[in-house]
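Residues per chain, in single letters:
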Amino acid sequence: MINFPKNFLWGAAASAPQTEGHSLSNGKTASTWDEWYVQNPEKFQPGQGPATTSNVYELYADDVKRMQAIGMNSYRTSISWTRLLPDGKNVNPEAVSFYRDYFTKLNEAGVTPIINLFHFDMPWWLMEKGGWENRESVDAFGFYAKTAFELFGDLVQRWTTFNEPVVHIECGYLYGYHYPDVVDFKKAIQVGYHTLMAHVAAVEALKASNCDGQIGIILNISPTYARSESPEDQRAKEIADLLNGKSFLDPCALGTIPVGLKEVLADNDLLPITAENDSVRIANNTVDFLGLNYYQPRRVQAPENPQTPALTPADFYAPYDWPEKKMNIYRGWEIYPEAIYDMAMMIKDEYGNIPWYVAENGMGVANEERFLNEDGMIEDDYRIEFMQDHLQQLHNAIEKGSNCFGYHTWTFADCWSWLNGYTNRYGFYRVDLDNNYARSMKKSGLWFKALSENNGFNK
């Protein structure tokens, strides 16, 4: 039997834009997703935009009961910035009522809420001013955070500022997967810097509030593995780690931006515009804990024909196709549980063993209806195996002293996934899009209930 520490958090993660629905009603204004779906619906799955998603806005009370039914003792979701502050200044009373009742019901059910402030959903009113390119976004986010802490601080003890900030940076400004769909390395770095300072502003807001809660950030720290020990491949690994991991991990956990990152940016004319006193603010506002998302490792090699100065990250490192890899063919991601151990030990050895938890880990599979049994339950043994393999590696790291306090999967119930819609399903509960978003438990839900009740599982 593999046993986890006492009071370990067993739960799942989701976000407001991917679950709530009612995206342009009940006082909520448009985010970039709402507007992009209007402008370019062809980029999305047919008929699967942000308007309805999984209709949690109406179904949250029953969803909390479903969380109890599979043994969840914690849940991470986000607040919609455009629901709470439709114009960035004035509070939407209906949003306050909705979130207060939602968080109250979670607490009453013994499901600890971990509430995130930003999950890729930039308000359109701010995007029209340049979004994260505009320094004004830092103060706007700080005000939003302050408002959330004041309104819900009595119900929420664990807050996070951003989910995977590198994703909205690279997807929006390098690779074309998020709005505004531009490729501009210099803008991407500036957007990243303003995102970091917005995080700092939120930490400052919590410290200045009367809340006794903790604050963290959720990062996708995929360990980087080089093709070889050659100096060129090792340099590619080093820069990949600086750009994708240490760029947020170091300032958020240690209070410093890595010298190596500054040197790389300076050498390629990519340094962002900063403001006086920023470095002091960063140093004085480190996080209380980390959430780390892990799905797949990053494997790199030296690029063959890099541009100088660099025009994209591909000029620093190229992907390496490891011939021994095991794949989730539906998502196109490598399955490598050993990396979760490496990630855990890195946090222990290099970041003061700061408290952290697995904020996302999971397996998305397409056409899960193939696995429906005669009782109408999806037998997702592949998901159970995925969790077991990763939890065994996580347990090994905890045994070695890593300060991990929880494990959350993506996700509780199948949810809308940006440009992929409902193509791949991740939930413990199936969501039937043709039947009013009806939920039905998958086999993994039963397994997770036993996992939580036993605080562990048999190998």
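Heads up: the structure comes first, above all this text.
Because the structure is a prediction, the values reported are computed rather than measured.

Visitor: Can you break down the side chain of asparagine 285 residue by residue, with the values?
Guide: Among the structural elements, asparagine 285 can be located in the loop between helix 12 (278-283) and strand 8 (289-293). Assessed through its relative accessible area of 5%, asparagine 285 is described here as buried. Within polar-contact distance, the side chain of asparagine 285 engages the backbone oxygen of arginine 281 at 2.7 Å. Contacts of asparagine 285, omitting those with residues within four sequence positions, involve His199, Val200, Val203, Glu204 and Lys207.

Visitor: Any details on unusual backbone geometry? Residues and values, ideally.
Guide: In this structure, the amide linkage connecting tyrosine 179 to the following residue, proline 180, adopts the cis form with an omega of 15°. With an omega of 0°, the peptide bond between threonine 308 and proline 309 qualifies as cis. Relative to the elements of secondary structure, proline 309 occurs in the loop between strand 9 (298-301) and strand 10 (318-319). Not every positive phi belongs to a glycine, and asparagine 353 is a case in point at roughly 50°. Within the secondary structure, asparagine 353 sits in the loop between helix 13 (338-350) and strand 13 (356-360). Judged by its relative accessible area of 23%, asparagine 353 is partly exposed.

Visitor: Hey, could you go over the sheet that holds strand 2 (residues 9-13) for me, with residue numbers and the actual values?
Guide: On the basis of which strands lie adjacent, the closed barrel formed by eight strands has the order 2-3-4-5-6-8-13-15 and parallel pairing. Direction aside, neighbouring strands of the sheet carry axes that sit 25° apart on average.

Visitor: Which residues make up the pairing of strand 8, and what values go with them?
Guide: The buried fraction of strand 8 is high, at five of five residues. Neither face of strand 8 is left uncovered, since the one carrying Phe289, Gly291 and Asn293 and the one carrying Leu290 and Leu292 both have all their residues buried. Inspection of the sheet shows strand 6 (residues 214-219) paired to strand 8 by four bridges, in the parallel sense. Paired with isoleucine 217 across the two strands is leucine 290, which belongs to strand 8. Alignment of strand 8 against strand 13, held across four bridges, turns out to be parallel. Across the sheet, residue leucine 292 finds its bridge partner in strand 13, namely valine 358.

Visitor: Can you explain the packing of aromatic side chains? Please cite residues and give values.
Guide: For the structure on display, the rule yields 47 aromatic pairs. Between phenylalanine 141 and tyrosine 144 the ring centres are 5.7 Å apart and the planes differ by 70°, which places this aromatic pair in the edge-to-face class. With a gap of three residues between them, phenylalanine 141 and tyrosine 144 both fall in helix 7 (residues 136-152), about one helical turn apart. The buried category is assigned to phenylalanine 141, whose relative accessible area is 0%. Ring plane angle 50° and centroid distance 5.2 Å describe the contact between tyrosine 295 and tryptophan 333, whose orientation is recorded as tilted. Linking tyrosine 295 in the loop between strand 8 and strand 9 with tryptophan 333 in strand 12 (residues 333-334), this pair joins segments that are 38 residues apart in sequence. The exposure class of tyrosine 295 is buried, given its relative accessible area of 13%. Through successive ring pairs, a cluster of aromatic residues spans Trp33, Trp36, Tyr37, Phe44, Phe120, Trp124, Tyr179, Trp416 and Trp418. Its end group placed over the ring of tryptophan 322, arginine 299 keeps NZ or CZ at 4.0 Å from the ring centre.

Visitor: Now, about helix 7: what can you tell me, with residues and values included?
Guide: In an α-helix, one turn spans 3.6 residues; hence positions three or four apart end up facing the same way. Taking 1.5 Å of rise per residue, 17 residues should cover 24 Å, and helix 7 covers 25 Å from first to last C-alpha, within 8% of that figure. For helix 7, the complete set of buried residues consists of Ser137, Val138, Ala140, Phe141, Gly142, Tyr144, Ala145, Thr147, Ala148, Phe149 and Phe152.

Visitor: Can you explain the sheet that holds strand 7 (residues 224-226)? Please cite residues and give values.
Guide: In space, the three strands of this open sheet follow the order 7-9-10, with mixed pairing throughout. Two strands close off the open sheet at either side, each with one partner strand: strand 7 and strand 10. Sheet analysis places strand 9 next to strand 10, joined by two bridges and oriented antiparallel. Bridging across to strand 10, glutamine 301 finds its partner in alanine 318. Packed onto the sheet, helix 10 (residues 231-253) meets strand 7 and strand 9 and runs at close to 135° relative to strand 9.

Visitor: Kindly report on the environment of histidine 199, identifying the contributing residues and their values.
Guide: Its location among the elements puts histidine 199 in helix 9 (residues 185-208). Residue classification places histidine 199 among the buried residues on the basis of a relative accessible area of 0%. In sequence terms histidine 199 and asparagine 220 are 21 residues apart; their C-alpha atoms lie 16 Å from each other. Filtering out sequence-adjacent residues up to four positions away, histidine 199 remains in contact with Thr161, Phe162, Gly216, Ile217, Cys252, Asn285 and Val287.

Visitor: Give me the side chain of serine 444: which residues, what numbers.
Guide: With respect to the helices and strands, serine 444 occurs in helix 15 (residues 443-454). Sequence-distant contacts of serine 444, that is, excluding residues within four places in its chain, are made with Asp380, Arg383, Ile384, Met387, Gly427 and Phe428.

What counts and what doesn't
Residues numbered from 1 in each chain as written. Predicted model: local features only at pLDDT ≥ 70, side-chain atom pairs only at ≥ 80, totals over all residues. Heavy atoms only, no water. Helix = DSSP H or I, 4+ residues; strand = E, 2+ residues; numbered from the N terminus. Buried < 20%, exposed > 50% of the residue type's maximum accessible area, 1.4 Å probe, protein only. Polar contact = N/O pair within 3.5 Å; in protein donor to acceptor, adjacent residues only side chain to side chain. Contact = heavy atoms within 4.5 Å. Pairing = 2+ DSSP bridges. Axes fitted to C-alpha atoms, helices over the stretch in contact; angles between N-to-C directions. Phe/Tyr/Trp six-rings, centres within 6.5 Å; stacked < 30°, edge-to-face > 60°. Lys NZ or Arg CZ within 6 Å of the ring centre and 35° of its normal. Expected span 1.5 Å × (residues − 1).

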